[in-house]
Amino acid sequence: MLKNQSLIFTFVFLLLLPVSLWAQTSFTDVTDQAGVGDTNFGVGVAWGDFDRDGALDLYLVNLGQANVLYLNKADGTFEDITTEAGVGDGGDGVGCAWGDYNNDGLLDLFVSNRPGNHRLYHNNGDTTFTDRAPEFGMSDPSGLGESVAWGDYDNDGYIDLYVTRMMQTNILYRNLSGEDFEDVTSFAGVGDNGRGEATAWCDYDDDGDQDLYLANAYGYNLLYRNDGDGTFTDYTDSAGIREYANSFGCAWGDYDNDGDFDLYVGRESTNKLYANKGDGTFEDVTYEAGVGHTGWALGVSWGDYDNDGWLDLHLANHQGDDVLYRNLGDGTFEDVTDQAGVHNFYNGRGNIWGDYNGDGFLDLYVSNHDGARNVLFENNRNENHFLHLRLVGVESNKDGIGSKVVCLSGSLRMTRQEEGGSGFASQNSLPIEFGLATNTVVDSLYIYWTSGNIDTLTELVADQFLEIVEGEEIGVDWEGSNALPTQFSLYQNYPNPFNNSTLIGYTLPSPGNVSLTICNIRGQEIESLVNSHQSQGFHTIVWTPQGISSGLYFCRLAGAGRTKIKPLTLLK
């Protein structure tokens, strides 16, 4: 009897444990097995599938020694092909970032050096590269280059490049249709010279163009708001984030899943987490969130390592152990460095997330300075689900850098962006990775391309690796299969509530006549949005109400004898 009571007690106790315990994820150091344990003076690092075989390759910058390009052999190991590829550089390298500057479908690579002689390695498509920096006037022989970041600030479909420099004026290079670059720093108004250590692009105010954050070792950090006419305005004070700080790393991420991008800054003193309030301003929530580490963070990197739908945070520290903060989903974080097994005491620099082995879970690579061994931590996984996306721009830049993706799955509403460089002189993998927790279906996916186009995909099965081409609204997996919707569905509008316009998405399992109307709370139709014959597939429409007061409304989709209704809230 006592034995049975003990078993019952144990069972009840287990049921009462926090759900998060079941999803705890640890890592294994696989550096030696993978063959990526470089022991030079590591700085910037970047994941990038330069040969388009579906497996992430790895580039490592070394200060004062040859850089390294590791080719992913898709069997858990990498091969050093630096010499054959022609990307060893050998200068005093710092930063690196992959980006397809000429939209030919192949990732190119920019590497910053101090002093100068930066490299723009053009991908020749045969696993070799050619340096085109001298041809494009980007070598900057006397420049003290630091971090670099790609971003299409003028939305012309070609990625531009920002380069920070130590105690020299930073440089913004505008891409001239993939055939040349021009220095537009002065005209754009982004020529700060406060020893820029890190930079990252992001549309923080959700107005459709890329803004720029700059972390300085000396002087004030800066937030440049894109004015949409090729120029920028210093909005640091207006945004409420003016701070004189010895800062070395920065990264944007929607950690609280409220639809806008928040900012984390790594500093010599206490790091900072700024929560985006959605009105152009930020709030310092560092202490409330529990992420005010003081280990002199250089590398800062967001990534949902446990696939629970909430962005976690890793810090590569100059002093002491690195830190992994797990997002608890309530605005706070917990330090799980020990439980996760990601200790690294060796003067960390760059840190990047990427699914190098294609199992749907993010792995972590950290570069170390002073001759210490770099580390690759392989994710041991849990039972949560995922969806990984590779964007292919048509009107937008080829890799969709700067594009925003909103994923609705069950109760989760996640927002991610395709980034062109962040943290300290580094770059996470280009595919966008969503953790779905226990959900097995993505209800709807909205892609906001930098061109202004919006694509919608719905009813996506979890645990897929999808390639999405701008304008096609069909996800094709990296093996070449695709799927069309099989259900009649209406999805929640985005954003909601809204104050100007909102996007409505729905799916039709077969061709037919369909109507989409807006009704008031009395059920009276106030506007007809669609009344026509439409094809099978994913459909979207933007509703911009005119002459309608704030309040609760309903969107009604009808067709083939079926009806779906969703509430909408208009706030003016």
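The residue numbering used here restarts from 1 in each chain and proceeds along that chain's sequence as written. Where local features are concerned, this predicted model is filtered to residues with pLDDT of at least 70; where side-chain atom pairs are given and counted, the filter is 80 or more; whole-chain, interface and lining totals use all residues. Hydrogens and water are ignored here; the side-chain numbers use all heavy atoms of the structure.

**Brief notes about the overall build of the chain**
And then number 1: The number of helices and strands found in the chain is nine helices and 43 strands.
And then number 2: A total of 572 residues make up the chain; the buried ones form 60% of that total.
And then number 3: Just so you know, the count uses Lys and Arg for positive and Asp and Glu for negative, and it drops His and the chain ends. Taken as the charge centre is NZ of Lys, CZ of Arg, CG of Asp or CD of Glu, depending on the residue. Looking at the chain, you have 29 positive and 85 negative side-chain charges, and the mean spots of the two groups are 6 Å apart. Per the convention used, a helix needs a DSSP run of H or I reaching at least four residues, while a strand needs a run of E reaching at least two, with both numbered from the N terminus. When accessible area is computed with a 1.4 Å probe and restricted to protein chains, residues below 20% of their type maximum are described as buried, those above 50% as exposed, and intermediate ones as partly exposed.

**What about the packing of aromatic side chains?**
And then number 1: Centres within 6.5 Å make a pair out of two Phe, Tyr or Trp rings, where for Trp the six-membered ring is used; the pair is then stacked when the planes are under 30 degrees apart, edge-to-face when over 60, and tilted otherwise. Under the defined criterion, the tally for this structure stands at 33 aromatic pairs.
And then number 2: With a centroid separation of 6.5 Å and an interplanar angle of 75°, the aromatic rings of Tyr 70 and Phe 78 are classed as edge-to-face. The burial state of Tyr 70 is the same as that of Phe 78; both residues are buried.
And then number 3: Note on Trp 150 and Phe 181: the rings are 6.4 Å apart at their centroids and 50° apart in plane angle, and the pair reads as tilted.

**Overview of the pairing of strand β16 (residues 222–226)**
And then number 1: Taking burial as the measure, the five residues of β16 include four buried ones, the bulk of the element.
And then number 2: Strands are treated as partners if at least two bridges between them are detected by DSSP. Pairing of strand β15 (residues 211–216) with β16 involves three bridges; the strand directions are antiparallel. Bridged to Leu 214 within β16 is Leu 222.
And then number 3: Where β16 lies against strand β17 (residues 232–234), three bridges are found, and the strand directions are antiparallel.

**Some points on the pairing of strand β37 (residues 489–494)**
And then number 1: By the criterion of burial, β37 is predominantly enclosed, with five of the six residues buried.
And then number 2: In terms of strand pairing, β37 meets strand β38 (residues 502–508) through four bridges, oriented antiparallel. Within β38, the residue paired with Tyr 491 across the bridge is Gly 505.

**So, the nonpolar core**
And then number 1: To qualify as a nonpolar core, a set must consist of buried Ala, Val, Leu, Ile, Met, Phe, Trp, Tyr and Cys residues joined through side-chain atoms within 4.5 Å. Ranked by size, the top nonpolar core spans 33 residues in total, and within it Tyr 59, Leu 69, Trp 98, Leu 120, Met 138 and Trp 150 carry the most contacts.
And then number 2: Filtering out sequence-adjacent residues up to four positions away, Tyr 59 remains in contact with Gly 44, Val 45, Ala 46, Asn 67, Val 68, Leu 69, Val 87, Cys 96, Trp 98, Leu 109, Val 111 and Tyr 121.
And then number 3: Ile 432, Leu 436, Ala 437 and Ile 468 belong to the second-largest nonpolar core, a separate cluster that totals 20 residues. For this analysis, residues touch if any pair of their heavy atoms sits within 4.5 Å.

**Focus on unusual backbone geometry**
And then number 1: The omega angle of the peptide bond from Arg 114 to Pro 115 is 5°, so this bond is cis rather than trans.
And then number 2: Position of Pro 115 relative to the elements: it lies in the loop between β7 (108–113) and β8 (119–123).
And then number 3: Residue Pro 497 is reached from Asn 496 by a cis peptide bond, and omega for that bond is 0°.
And then number 4: Tracing the chain through its elements places Pro 497 in the loop between β37 and β38.
And then number 5: Positive phi, normally seen in glycine, also occurs at Arg 381, with a value near 70°.
And then number 6: Examined against the element boundaries, Arg 381 turns out to sit in the loop between β28 (375–379) and β29 (385–392).
And then number 7: The phi torsion at Ala 425 lies on the positive side, around 60°, for a residue other than glycine.
And then number 8: When you line up the elements, Ala 425 lands in the loop between β31 (412–417) and β32 (432–437).

**A look at the sheet that holds β38**
And then number 1: The three strands lie next to each other as β37-β38-β41, forming an open sheet whose pairing is antiparallel. Every other strand in the sheet has two partners, leaving β37 and β41 (537–543) as the edge strands with one partner each. Direction aside, the axes of adjacent strands within the sheet are offset by 20° on average.
And then number 2: Judged from the seven bridges that link them, β38 and β41 form a sheet pairing that is antiparallel. Looking across to β41, one finds that Leu 503 is bridged to Val 542. The axes are straight lines fitted to the C-alpha atoms, using for helices just the contacting stretch, and the angles between their N-to-C directions are given from 0 to 180°.

**Focus: the sheet that holds strand β26 (residues 348–354)**
Within a beta sheet, neighbouring strands are joined by backbone hydrogen bonds and run either parallel or antiparallel to one another.
And then number 1: The four strands are arranged β1-β28-β27-β26 in an open sheet whose pairing can be described as antiparallel. The strands lining the two open edges of the sheet, one partner per strand, are β1 (27–29) and β26. Pairs of neighbouring strands in the sheet enclose a mean axial angle of 20°, with direction left out of account.
And then number 2: As paired elements, β26 and strand β27 (residues 363–368) share five bridges and run antiparallel to each other. Bridge pairing in β27 links Gly 348 to Asn 368.

**Brief notes about the domain arrangement of the chain**
And then number 1: Its domain assignment divides the chain into domain 1 (42–381), domain 2 (386–469) and domain 3 (489–570).
And then number 2: With 71 residues of domain 1 at the interface, the matching set in domain 2 holds 35 residues.
And then number 3: In total, about 3,600 Å² of surface goes out of reach between domain 1 and domain 2, with carbon and sulfur atoms giving 50% of it.
And then number 4: A per-residue breakdown of the area domain 1 buries against domain 2 is headed by Arg 52, Phe 261 and Asn 307, which together make up 13% of the total.
And then number 5: Between Lys or Arg on one side and Asp or Glu on the other, a salt bridge is scored when a side-chain nitrogen of the former is within 4 Å of a carboxyl oxygen of the latter. Here domain 1 and domain 2 share three salt bridges between them. For each domain, the first and last residues come from an automatic or database assignment. Put simply, buried area is how much 1.4 Å-probe accessible surface two parts lose in total, over both of them, once they are put together.

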